[in-house]
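Structural overview for review
Letter by letter, the chains look like this.
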Amino acid sequence: MQTLAVDHPLVAHKLTTLRDIRTDSPTFRRLTDELVTLLAYEATRDVRVAEATVQTPLVPAQGVQLASPKPLVVPILRAGLGMLDGMTRLLPTAEVGFLGMVRDEGTLQAETYATRLPDDLSGRQCYVLDPMLATGGTLAAAIRLLFDRGADDVTAICLLAAPEGLKQVEQTFADDAAPVRVVTAAIDSHLNEQGFIEPGLGDAGDRLYGVV
Ligand SMILES: O=P(O)(O)OC[C@H]1O[C@H](OP(=O)(O)OP(=O)(O)O)[C@H](O)[C@@H]1O
Ligand SMILES: O=c1cc[nH]c(=O)[nH]1
Ligand SMILES: [Mg+2]
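Residues numbered from 1 in each chain as written. Chains lettered and ligands numbered in written order. Predicted model: local features only at pLDDT ≥ 70, side-chain atom pairs only at ≥ 80, totals over all residues.

Moving on, we get to the site of ligand 1. Near ligand 1 lie 23 residues; those nearest to it are Arg78, Ala134, Thr135, Thr138 and Gly205. Listing elements by their share of the shell around ligand 1, those giving two or more residues are β6 (98-103), β9 (132-133), α4 (137-148) and α6 (204-209). (Near = placed C-beta within 6 Å. Helix = DSSP H or I, 4+ residues; strand = E, 2+ residues; numbered from the N terminus.)

What follows deals with the UniProt feature "binding site: uracil" (unreviewed entry) in the chain. In the numbering used here, UniProt assigns the feature "binding site: uracil" (unreviewed entry) to Ile197, Gly202, Asp203 and Ala204. Tracing the sequence through the fold places Ile197 in strand β13 (residues 197-198). Leave out the neighbours within four places in its chain, and Ile197 touches Met132, Ala134, Leu160, Ala162, Asp188 and Leu191. Mapping Ala204 onto the fold places it in helix α6. For Ala204, a count of 25 C-beta atoms within 10 Å puts it in the buried group. When neighbours within four sequence positions are excluded, Ala204 is seen to be in contact with Ala79, Pro131 and Met132. (UniProt positions renumbered as here; feature names shortened; annotations may be inferred. Contact = placed C-beta atoms within 7 Å. Buried ≥ 20, exposed ≤ 12 C-beta atoms within 10 Å, placed from the backbone.)

Let us look at the pairing of strand β8 (residues 125-129). Taken across its five residues, β8 has five buried, putting it largely inside the fold. Residue alternation in β8 divides its side chains into two sets, Gln125, Tyr127 and Leu129 and Cys126 and Val128, and both sets are buried. Of the pairings in the sheet, the one linking strand β4 (residues 72-77) to β8 comprises four bridges and is parallel in character. In the strand pairing of β8, Val73 is matched with Tyr127. (Pairing = 2+ DSSP bridges.)

The structure is reproduced here in structure tokens:
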């Protein structure tokens, strides 16, 4: 597995404000959106393109266009929905599938409550959006689901990752041939006893959308 913690002063600046307990929901949503676009720029370095020729006002020019089939962007509800607009701003022609997953607060096991994805993902590059990679259970289950449908390349974009979760995802897919990448704004210190990332930013879903 490839892991990239994006080292950029603007990313660090926005992330610091996101962590701040005084940051309200509207500001948290806006910063999440901005951060995702910065992370997506790095996360799409390997997006597949095909050669294309266009006519400039002067002469033909060789270039590239996104290859077919189009990439699939998959936000993991609820919190991943806050990352969707920032991602599609960069990849406006991508298709979007949805996964609803929630972590049991006691067992920390992820449960899938909604799946709306193409049945056949053969040959598709997928970009999974979830702000928090904590134990890694949610992301590992999501990637397994995508691989089971034929996806052959998965990149996860997270705002924060815990070392424990990165290790879990890496071990889960160690024997899979298809590449798995994680792009994150930072790798934090550790998980606490409740499975929260520290220093972290708290519950991303609650901070985006309120406590439900
Ligand atoms: O790495 P893990 O230990 O599996 O935890 C991470 C998951 O927990 C959070 O979702 P949550 O279950 O709080 O659902 P929500 O997005 O609806 O708030 C987060 O958005 C991830 O999906
Ligand atoms: O720190 C954490 C861990 C899981 N989910 C969150 O929203 N935050
Ligand atoms: Mg939550």
